[in-house]
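For reference, the chains in residue letters:
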Amino acid sequence: MTNIVTNVISSTYIFLRQTPRVMKTNICWLLVGALLLVSGCAGEPGDLIACAKVAWKGLRKVADERTERFQGKVQEDTARCRGSEKAVAVRANPWTDWQNYWATGDGGTKGPESFWRFKHLNPNGRGIDGALLDIEYQRIELLKFNLFDNGGTYKDYVLGRKGIDGGALKVWSEMRLPKSDPQFQAVGGDGTQLCQGELIRFRTVSGICNDLRNPLMGSSGQLFARNVPFEVTFPDLGKNDLAQNRHGDRLGLLKPDPQVISRKLFTRGQTAPDKCRDGHGMPGYSADAECDYKNAPFFNVLAAFWIQFMTHDWFSHLEEGHNSAEMTSVGCAAQMISGVEKPLAPDEIAKLGCRPADKIDKSFIAEDSEPPTFSHKGKTHLTRSYKTTRNTVTAWWDASQLYGYNETSRRRVKRDPKNPAKLLLVPASQRAGNGERLGYLPLFESSDPMNPQWAGQEATAFPDNWTIGMSFYHNVFAREHNLFVDEFRKRAAAKPDEDSGLRNPARPDAVIRNKEVSADELFEAARLVVSAEIAKIHTIEWTPQLLYDEPLYLGLNSNWHGLFRGHPLVEAAMEKVVVNKFGKSTDAKKAGQWYSVFATGPGIFGLGNKVYKDDAIFAKYDPKKTDIWSLKNPDHVNGGINHFGSPFNFPEEFVTVYRLHPLVPDLVEYREWDKDPNVIRNKIPVVETFRGRATEAMRQQGLANWALSMGRQRVGLLTLQNHPRFLQNLELPRLGTATGKIDVAALDIIRDRERGVPRFNEFRRQYGLKQLRSFDDFVDQRLVKDSPERKEQERLVKILREIYGKHKCDASKVITAAQKNNDGTPINDCLGHPNGSTVDNIEDVDTVVGWLAEFPRPHGFAISETQFQVFILNASRRLYSDRFFTSSFRPEFYTHLGVEWVINNGPDGEMKEKQRSNGRDVEVSPLKRVLLRTIPELKPELDQVVNAFDPWARDRGEYYSLEWKARKGAEPDAAFKRGKP
Ligand code: HEM
């Protein structure tokens with residue numbers, strides 16, 4: 001019942017969003033009546049009146065102009081209806097309002113229940129639905145205002161082509177394969193290009209032919225896109241009045257000094273430096289070592305390495321572990337004293353601990369000539385950013401870090417000569433544990449194509465920045481690949497003549513029976529399965545734990561499963577609307593924004609993977625109807641994707657918000673599964689597992705012990721003064737510099753400057769978030785005055801001010817075209833302060849520094865709301881654009897077993913968790929299932945775990961608790977003795 005109500009309300013929202021004004025008003029009246037009737041005895045009367053007013057006004061319209069967009073801030077009545085006075089009280093601050101609504105935090109944020117328990121009308125329902133609605137508005141407007149392709153298609157996006165709106169375009173000549181590509185002829189050469197045959201069967205190594213009609217899209221070496229207008233990139237070049245007005249002459253590659261920023265704002269403070277020794281711990285890996293770090297109680301170290309593992313799949317700027325041949329200095333030269341830049345004296349350098357002699361290799365730049373321009377409606381537009389860079393790996397979520405992204409990396413992937421459908425895994429220990437017999441990845445051999453610094457590591461496609469975390473996931477998913485192959489062959493042996501599901505597009509009508517599936521076919525099907533499992537783990541397990549609250553749990557699950565899971569008729573109807581009505585529209589509005597809204601219904605995964613002759617909306621679940629999806633029809637194979645008018649690749653801004661180095665602790669609290677797991681036996685420095693030493697450590701201690709250790713330990717909080725010490729002092733001899741070291745934290749700043757990422761305040765405005773007016777806005781106003789937490793934030797704000805400085809403002813200087821002041825006037829250099837007053841240089845704050853300094857965050861957010869905004873857009877897009885996650889999620893590609901494996905999280909059917917989580921029954925989560933298969937000796941430990949990224953020994957409590965409290969049986973665990981950070 002509750003679910004049906006959920007669906008009714010969700011459909012009402014969706015319906016309202018596309019209903020003409022008159023009808024909408026009538027529906028709103030109905031809602032007002034229902035609301036007052038049903039919620040009559042719950043909550044404050046003032047809240048209900050506010051709700052009635054909100055319902056009367058109807059839903060806000062999607063902005064026509066960039067400057068009118070929703071900024072996560074709602075009207076006073078809306079805030080009151082969804083969160084009562086506490087939500088109203090903080091409306092003036094720049095942070096999104098939804099985080100203050102009812103039930104968006106832990107149990108303490110829940111409001112009173114109404115007597116009907118009609119959950120969408122009681123305070124908690126209003127809070128959660130309101131939050132989801134705010135986030136959906138953001139997604140629609142992000143899709144509408146934040147897509148900027150660097151590859152030459154932007155002019156068409158603005159002007160449209162042959163009567164089709166730019167936002168509804170689906171094919172681009174820029175996405176044709178060039179003559180130099182070995183597959184040029186195969187896709188049609190100079191004529192119309194269309195991928196077919198072998199090229200469409202599986203994920204290709206270079207990533208071509210995911211989209212049949214845009215073969216080049218997402219393949220290795222394509223340009224990074226942007227999420228901000230090109231004119232806003234590279235602010236330090238001062239290319240236009242707005243950039244000059246915003247920053248004056250205050251910016252440069254080394255201005256403010258990146259190493260000084262790193263040492264003052266990023267260094268982890270230590271209570272016992274002798275026990276940390278810059279992340280090297282104590283001799284013999286003694287458990288007495290101590291490297292303090294601020295940690296997040298609801299997220300574990302496995303989660304930190306998971307996201308590094310993901311980024312290696314999605315993007316890289318480096319080629320074979322190198323940047324360009326040219327070297328450059330990286331600061332430790334000057335600091336601001338009372339607003340004036342002064343050279344650092346030797347004693348100041350010693351005190352800071354930075355290194356003036358450090359140098360790094362410069363970033364590759366693809367194109368830096370003056371960008372061509374075009375005019376539209378009296379405005380001149382750039383066709384690309386001032387400089388462009390390449391994504392050297394495939395942009396697809398295709399597990400390219402495991403399987404390869406070009407010919408060189410593919411040669412590093414070793415297949416089992418005895419059974420080439422499998423990856424080569426070798427025995428590496430005599431340890432106990434059933435998982436051990438599954439083996440470990442083999443090491444690189446001297447004949448493998450590789451950078452000398454990777455010698456001694458496990459052989460894999462993406463071997464850079466290897467530590468125990470990378471070794472862990474590469475071994476786990478290699479085992480998973482092989483388990484899929486084994487299961488397939490086992491079933492094939494039992495039923496050799498059964499249809500495998502696979503088809504060859506060259507002979508689409510010929511059934512491929514189980515016994516006929518070749519090693520190559522099975523290898524590639526296993527890759528598809530592993531990639532889809534990874535995408536699923538990321539979407540419904542990692543991210544809901546990263547953003548640990550109810551609205552995000554619902555939102556992310558709807559991205560994957562849809563809102564209507566368990567209600568197939570509604571789901572089928574919604575899918576028809578999405579794929580047939582909006583997906584095929586030539587109107588940008590329908591193709592884009594409504595598509596996004598409606599896709600929330602059936603979910604993005606699997607969109608368009610069924611086709612019915614008569615288009616009848618309930619056909620999908622009518623056994624009399626026949627699914628006519630055909631491998632012969634490119635419109636079926638490709639039919640579920642949507643690029644929203646702009647070819648898919650990650651934007652440079654996405655890389656910025658994934659610079660998550662503070663997640664990594666300096667020391668891993670090492671435990672052993674077959675002794676007492678509550679005992680921390682050693683503290684092993686992560687840096688002692690750098691490169692080949694990771695492989696040694698993996699083989700010595702084994703996957704199960706590392707899983708247990710990283711599964712129980714808390715991750716580092718993404719905040720200021722919390723970067724790992726070892727990353728500030730990382731040895732990189734390949735650079736051949738005087739120091740032989742780099743400061744990765746300083747590099748995070750320099751790389752963004754080299755690649756022209758706008759600075760934090762403009763970044764927020766461009767993404768549809770409110771700007772900050774001074775550094776003080778970073779302080780969380782919800783904290784009690786003089787509380788230690790607030791004082792700490794104020795202390796850090798002082799350092800920000802010291803580093804970035806202040807200036808006398810000039811109100812005649814307009815600084816942005818992204819937004820306007822509330823009264824409609826342009827935003828100027830004074831940011832609302834009187835003309836001529838001294839204001840903070842808040843506009844200059846580097847984006848990474850800014851999001852780390854965001855102390856006010858939604859409940860359970862391990863990241864900031866600015867990072868989240870970037871994810872809302874790009875996390876959805878990488879599902880929407882990939883046919884293997886939409887219309888080609890079919891047995892013809894995955895095999896029948898593969899489809900079942902992805903849907904059920906493995907070969908043994910759907911499994912339910914014994915314990916409830918946050919008030920609901922849940923499935924056994926996908927990574928937990930993978931770990932149970934690949935490291936079965938962990939079963940007793942994993943039996944207690946609901947989400948593999950929540951510290952394994954933590955008591956999850958009732959409703960999104962963030963408490964650091966031991967679960968039953970783990971009370972003696974030393975990690976809990978130290979209490980809260
Ligand atoms: C302990 C392990 C890690 C090491 C040793 C490491 C090392 C490095 C180094 C040396 C770079 C600089 C490359 C360059 O621009 O020259 C880098 C970049 C980066 N790292 Fe890490 N990192 C680690 C963990 C992580 C984690 C946990 C994340 C989380 C997502 C992460 C995300 C990134 C990103 C996004 C970049 C930029 C990549 C690019 O420019 O294409 N790293 N890392």
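As a convention, each chain's residues are numbered from 1 in the sequence order in which they are written. Local features in this predicted model are restricted to residues whose pLDDT is 70 or higher, and side-chain atom pairs enter the listing and the counts only when it is 80 or higher, whereas totals over whole chains, interfaces and linings include all residues. In computing side-chain properties, one takes all heavy atoms of the structure into account and sets aside hydrogens as well as water.

Undergrad: What should I look at first to understand the confidence of the model for the chain in this one?
TA: Close inspection of predicted coordinates is inappropriate in any region flagged by low pLDDT. Confidence of the prediction at every residue is given by pLDDT, a number between 0 and 100. Averaged over every residue, the pLDDT of the chain is 91; the share at 70 or more is 90%. Any pair of residues with heavy atoms lying within 4.5 Å of one another is described as a contacting pair. Taken together, the stretch residues 1–42 has pLDDT below 50 and engages in 74 contacts with residues farther than four places along the chain or on a different chain. Low pLDDT, under 50, characterises residues 616–622; the stretch is placed with 18 contacts to residues that sit more than four places away or in other chains.

Undergrad: Just to check I follow, could you spell out unusual backbone geometry for this structure?
TA: For residues other than glycine, phi is negative in most cases, and the peptide bonds are mostly trans. Along the chain, K255 connects to P256 via a cis peptide bond; the corresponding omega equals -15°. A positive phi angle, close to 50°, is found at Q721, a residue other than glycine. To qualify as a helix, a DSSP run of H or I must reach at least 4 residues; to qualify as a strand, a run of E must reach at least 2; elements of each kind are numbered from the N terminus. Mapped onto the elements, Q721 comes out in the loop between β14 (714–716) and α22 (725–728).

Undergrad: I tried to follow the coordination of the iron atom of the ligand on my own but got confused; where do I start?
TA: Ideal values for angles at a metal depend on the geometry: 109.5 degrees with four tetrahedral donors, 90 or 180 degrees with six octahedral donors. A lone protein donor binds the iron atom of the ligand: H661 (NE2), at 2.2 Å. Its place among the elements puts H661 in the loop between α20 (652–657) and β12 (667–670). Each metal's donors comprise the N, O and S atoms found within 2.8 Å of it (within 3.2 Å for Na, K or Ca). Water is not part of the atom list, so some coordination spheres may appear incomplete.

Undergrad: Sorry, what's going on with the packing of aromatic side chains here?
TA: The description of two aromatic rings rests on the distance between their centres and on the angle between their planes. Between 30 and 60 degrees the pair is tilted, below 30 it is stacked and above 60 it is edge-to-face, where a pair is any two Phe, Tyr or Trp rings, Trp via its six-membered ring, whose centres lie within 6.5 Å. One pass over the full model with this rule turns up 48 aromatic pairs. Relative to F299, the ring of F298 lies with its centre 6.4 Å away and its plane at 35°, an arrangement referred to as tilted. Residue F298 shares its accessibility class with F299, and that shared class is buried. Their ring planes at 70° and their centres at 6.3 Å tell us that F315 and F650 sit as a pair that is edge-to-face. A 1.4 Å probe rolled over the protein chains alone gives each residue an accessible area, and that area as a share of the maximum for its type sets the label: buried under 20%, exposed over 50%, partly exposed in between.

Undergrad: Help me out: how do you make sense of the packing of helix α14 (residues 468–494) against helix α30 (residues 926–934) in this one?
TA: Helix packing for two helices is described by the angle between their axes and how far apart those axes are. In contact at an axis separation of 10 Å, α14 and α30 are set at 80° when each is read in the N-to-C sense. In terms of their interaxial angle, α14 and α30 are classed as roughly perpendicular. Between α14 and α30, the contacting residues are F472, Y473, V476, F477, R479, E480 and L483 on the first element and L927, V930, L931, R933 and T934 on the second. Axis definition: a line fitted to C-alpha atoms, over the contacting stretch in the case of helices. Angles run 0 to 180 degrees between N-to-C directions. Roughly parallel here means an angle under 35 degrees, roughly antiparallel means over 145, roughly perpendicular means 65 to 115, and every remaining angle is called oblique.

Undergrad: Looking at this structure, I do not really get the packing of helix α10 (residues 301–314) against helix α15 (residues 519–546). What am I missing?
TA: The N-to-C vectors of α10 and α15 enclose an angle of 135°; their axes lie 12 Å apart at closest approach. Classified by the angle between their axes, α10 and α15 sit oblique to one another. For α10 against α15, the interelement crossing comes out left-handed. Contact with α10, carried on its side by A303, W306, I307, F309, M310 and W314, involves I534, I537, H538 and W542 of α15 and no other residues of that element. Crossings are assigned a handedness: left-handed for a near helix turned anticlockwise from the far helix by less than a right angle, right-handed for a clockwise turn.

Undergrad: It is not clear to me how the state of the cysteines should be interpreted in this structure. Could you clarify?
TA: Throughout this description, disulfide means a covalent bond between two cysteine sulfur atoms. Pairs of cysteine sulfur atoms within 2.5 Å are what we label disulfides. With the rule as written, the count across this model stands at five disulfides. Paired through a disulfide, C51 and C81 show a sulfur-sulfur distance of 2.1 Å. An S-S torsion of about 100° defines the bridge between C51 and C81 as right-handed. Taken as a pair, C51 in helix α3 (residues 45–57) and C81 in helix α4 (residues 76–89) lie far apart in primary sequence, 30 residues in all. A residue is classified by how much of its surface remains accessible, and C51, at 2% relative accessible area, is buried. Classification of C81 as buried rests on a relative accessible area of 8%. Sulfur-sulfur distance for the disulfide between C809 and C830 comes to 2.0 Å. Classification of the bridge connecting C809 and C830 rests on its S-S torsion, roughly 100°, and on that basis the disulfide is right-handed. Note that C809 is positioned in the loop between β17 (806–808) and β18 (838–840) and C830 in the loop between β17 and β18, a separation of 21 residues in sequence. Here C809 and C830 have matching classes, each one buried.

Undergrad: What is the right way to read the pattern of salt bridges from this model?
TA: It is possible for side chains bearing opposite charge to pair when their charged atoms get close. Here, a salt bridge means any side-chain nitrogen of Lys or Arg that lies within 4 Å of a carboxyl oxygen of Asp or Glu. Applying the stated rule across the entire model yields 79 salt bridges. Two residues, K239 and E370, come together in a salt bridge whose shortest N-O distance is 3.0 Å. Placement of K239 in the loop between β1 (222–223) and α7 (241–247) and of E370 in the loop between β6 (359–361) and β7 (373–376) is noted, with a sequence separation of 131 residues between them. The class for K239 is partly exposed, based on a relative accessible area of 38%. On the basis of relative accessibility, which here comes to 55%, the residue E370 falls in the exposed class. Three or more residues are tied together by salt bridges with common partners; here these are R671, R712, E941, R967 and D973.

Undergrad: I keep staring at the nonpolar core and nothing clicks. Help me out?
TA: Note on soluble globular proteins: their nonpolar side chains tend to be buried together. Core analysis: the biggest nonpolar cluster contains 214 residues, and F472, F477, F778 and Y894 have the highest contact counts within it. Discounting chain neighbours no more than four positions away, the residues touching Y894 are F484, L502, A525, L528, V529, A532, F884, F885, S888, F889, V899 and V902. Grouping buried Ala, Val, Leu, Ile, Met, Phe, Trp, Tyr and Cys residues that are joined through side-chain atoms within 4.5 Å yields what is termed a nonpolar core.

Undergrad: Please explain the site of the ligand as it appears in this structure.
TA: The environment of the ligand is formed by 26 residues, the closest being H317, N323, H661, R751 and R755. Note that an oxygen atom of the ligand is positioned 2.9 Å from one of the side-chain N or O atoms of H317. Identification of polar contacts relies on pairs of N or O atoms within 3.5 Å, with a donor-acceptor requirement for protein atoms, meaning one able to donate a hydrogen and the other able to accept it, and with residues adjacent in sequence counted only if both atoms are side-chain atoms. The side chain of R751 places a nitrogen or oxygen atom 2.7 Å from an oxygen atom of the ligand. Listing elements by their share of the shell around the ligand, those giving two or more residues are α10, α22 and α23 (744–754). Only heavy atoms are used to decide nearness, and a residue is near a molecule or strand if one of them lies within 4 Å of it.

Undergrad: I'm lost on the side chain of S876 in this one. Help?
TA: Residue placement: S876 occurs in helix α27 (residues 865–880). According to the relative accessible area criterion, S876 is buried, its value standing at 4%. Within the local environment of S876, its side chain forms a polar contact with the side chain of R139, the two groups lying 2.9 Å apart. For S876, the contacting residues outside a window of four places in its chain are R139, N559, I604 and F871.

Undergrad: How do you make sense of the side chain of N124 when you look at a structure like this?
TA: Looking at where N124 falls in the secondary structure, it is placed in helix α5 (residues 123–145). Once residues lying within four places of it in the same chain are set aside, the contact partners of N124 are W102, A103, T109, K110, G111, E113 and K119.

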